[in-house]
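The chain contents come next:
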Amino acid sequence: MKSAEWVGQQLKVLPCLLHNQTFIAPTWAQHSTPSLVIQQYNLAFQNNIDFVGLRYGGSGDYHITSKLHQINNFGCNSSDFVGLEGEIAFIPSGSCTIFTKAFLAQGANASAVIIYNTAQGSLPGSRVLPSPWFEGDPLVTVPVFGVSFSVGNYLREISINNSWEVLLRSNTTIYTTPTQNLFCDTPGGDPNSTIILGAHLDSVEAGPGINDNGSGSATVLELAIQWFATGLTPKNRIRFAWWGAEEEGLLGSRNYLRYLEQHDQAEFNTIALGLNLDMVGSPNFIPMIGKYSSDPSVPTAARNGSNYITKLFMDHYASIEAQHEFIEMTAGSDHYAFIEKGIPAGRIHSGAAQKKDIPLKRKYGGLINAIADTCYHQSCDDLQNFSSEILDQIPVAMASVLQTLANLENLREKLREGAAIISTNAQDRITFKDKHEF
Ligand SMILES: [Zn+2]
């Protein structure tokens, strides 16, 4: 909220039409380190290594001593949860979302939920929230822990021996709170052909979020300032946007589009496209242009327009003779809120957890075998966590594409026609998948 107030103050000096939208978002706070212990052995598992208290799992101070109730099947149907009243539901990962499993277990009066990973390696998921979540949607108030594959195997053996119990402690709160999206519209430009350029203003709880997403939201602010400094009137209206609660599941952009679709269809129909800036200053950067995904789960209505925007970014990179890669716009950030509604979208991104290998290091410099932002979603995403080289490049690319789109005659027609995405040296380019869990 404070960041929105600050951006609002900066916008007051611009000749823009300022408006906002308030919506309700859930927040989850963990008040103490959770614990998981096998009483009979006095064996304590390690937080964040053997197990994790999943975000949005539980609201309250819980000290639970209980048997584990092994759920057969994947726990995706209410019939999987019979006779576990007061016990801890012990459920394998997979087949449906963590939220579905936990919500069904809660409905069957489980005292808590432990989800074990069925694949070797990491801990399962991170969030127990339906996606998307809107005001009035359910939440899981019993604690939900995730355990690793090996701990899962061990506990499964224990759960067969009915005399053993585990002690689970969790002290967390879920509350809902109003937050907002902020908008600044150009007074001129065709109001039936609106270009939305947005960035999320929130960060994760762990840190200040300078690269994710101070970098994107500051760039949108700077582009707004520079646009108004030109004194030009665009052919198409530009709406500069700062989204709230992206990190909780694209809640700001999703609430905005859903509200318009349900209550103001005429305004919804004016939206020609959405552009997104999320993480554009990554220290170990890989410049990635958003590309429409071949994933069949992505609706096709936005394909041509998204390809058209991708081509504009490619043309810009060709004109400055600079290299880039691609990233599929399957999920990951606010552009997806547009795509899932059938609205064309575009993005440019400098990387989060994508690893830089030797060929990428040759193209862009930086660190080999390190991810693009080693402080991604951590407390060290602070004022030192950026590369000025990429912060000089991406805002210019977005400015160039925005200027082209803003001044285009027949923008809607051009978006409908689309463009072929033919890369001259396509064999050298990587298309990264976006593995975010939205
Ligand atoms: Zn982000």
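Residues numbered from 1 in each chain as written. Predicted model: local features only at pLDDT ≥ 70, side-chain atom pairs only at ≥ 80, totals over all residues. Heavy atoms only, no water.

What follows covers the sheet that holds strand β4 (residues 51–53). Each strand in a sheet pairs with another by means of backbone hydrogen bonds, the pair being arranged parallel or else antiparallel. Taken together, 5 strands build an open sheet; the order of strands is β4-β9-β8-β7-β6 and the sheet is mixed. Because the sheet does not close on itself, it has two edges, and the strands there are β4 and β6 (68–70). Across this sheet, the average inter-strand angle for adjacent strands is 25°, counted without regard to direction. Strand direction decides the pairing type here: β4 and strand β9 (residues 144–147), joined by 3 bridges, are antiparallel. Bridge pairing in β9 places Gly-53 opposite Phe-145. (Pairing = 2+ DSSP bridges. Helix = DSSP H or I, 4+ residues; strand = E, 2+ residues; numbered from the N terminus. Axes fitted to C-alpha atoms, helices over the stretch in contact; angles between N-to-C directions.)

In this structure, Phe-99 sits in helix α2 (residues 98–107). Note on Phe-99: relative accessible area 8%, which makes it buried. Along the sequence, Phe-99 and Gly-57 sit 42 residues apart, while their C-alpha atoms lie 8.8 Å from each other. Residue contacts for Phe-99: discarding those within four places in its chain leaves Val-128, Leu-129, Pro-130, Pro-138, Leu-139 and Val-140. (Buried < 20%, exposed > 50% of the residue type's maximum accessible area, 1.4 Å probe, protein only. Contact = heavy atoms within 4.5 Å.)

Attention shifts here to the coordination of the zinc ion. The zinc ion binds to the protein through His-200 (NE2), Asp-212 (OD), Asp-278 (OD) and Asp-278 (OD); the donor distances cover 2.0 to 2.5 Å. Given 4 donor atoms and angles of 54 to 148° at the metal, the environment of the zinc ion is assigned as irregular. Looking at Asp-278, the relative accessible area reads 4%, which means it is buried. (Donors = N, O, S within 2.8 Å, 3.2 Å for Na, K, Ca; no water. Tetrahedral: all angles 85-135°; square planar, octahedral: opposite > 155°, others 65-115°.)

Glancing now at the state of the cysteines. Scanning the entire structure with this criterion turns up 3 disulfides. A sulfur-sulfur separation of 2.5 Å characterises the disulfide bridge that pairs Cys-16 with Cys-184. The chirality of the disulfide connecting Cys-16 with Cys-184 is left-handed, given an S-S dihedral of about -130°. Highlighted residues: Cys-16 in the loop between α1 (2–11) and β1 (17–30) and Cys-184 in strand β10 (residues 166–185), separated in sequence by 168 residues. Across a sulfur-sulfur distance of 2.1 Å, Cys-76 and Cys-96 are joined as a disulfide pair. Because the torsion about its S-S bond is -90°, the bridge between Cys-76 and Cys-96 counts as left-handed. Of this pair, Cys-76 sits in the loop between β6 and β7 (88–92) while Cys-96 sits in the loop between β7 and α2, and the two are 20 residues apart along the sequence. Relative accessible area serves as the criterion here: at 23%, Cys-96 is assigned to the partly exposed category. Assigning the bonded cysteines of the protein consecutive numbers by sequence position, one obtains the connectivity 1-4, 2-3, 5-6. (Disulfide = S-S within 2.5 Å.)

What follows is about the pairing of β10. As paired strands, β1 and β10 are joined by 14 bridges and run antiparallel to one another. Its bridge partner lying in β10, Pro-26 is registered against Thr-176. Direction of pairing for strand β2 (residues 35–38) relative to β10: antiparallel, over a ladder of 4 bridges. Within β10, the residue paired with Ile-38 across the bridge is Val-166. As paired elements, strand β5 (residues 60–66) and β10 share 7 bridges and run antiparallel to each other. If you follow Ser-66 over to β10, its bridge partner there is Val-166. Bridge count between β10 and strand β12 (residues 236–243): 4 bridges; the pairing is antiparallel.

Right, let's get into the UniProt feature "domain: Peptidase M28" (unreviewed entry) in the protein. Those residues carrying the UniProt feature "domain: Peptidase M28" (unreviewed entry) are residues 181–398 in this numbering. The straight-line gap between the two end C-alpha atoms of residues 181–398 is 21 Å; of that span, 36% is helix and 20% is strand. (UniProt positions renumbered as here; feature names shortened; annotations may be inferred.)

Across all of its chains, the model carries 1 cavity of 30 Å³ or more by this definition. Size it by volume and the largest cavity reaches roughly 40 Å³. Ser-203, Val-204, Gly-207, Pro-208, Gly-209, Asp-212, Cys-375, His-377, Gln-378 and Asp-381 together form the lining of the largest cavity. Residues belonging to the lining of the largest cavity are distributed by class as follows: 3 nonpolar, 5 polar and 2 charged. (1 Å grid on protein atoms, 1.4 Å probe; cavity = no way out; pocket = protein on both sides within 12 Å on 5 of 7 lines; lining within 4 Å. Points joined across faces, edges and corners; volume = space filled by probe spheres on them. Nonpolar A, V, L, I, M, F, W, Y, C, P; charged D, E, K, R; others polar.)

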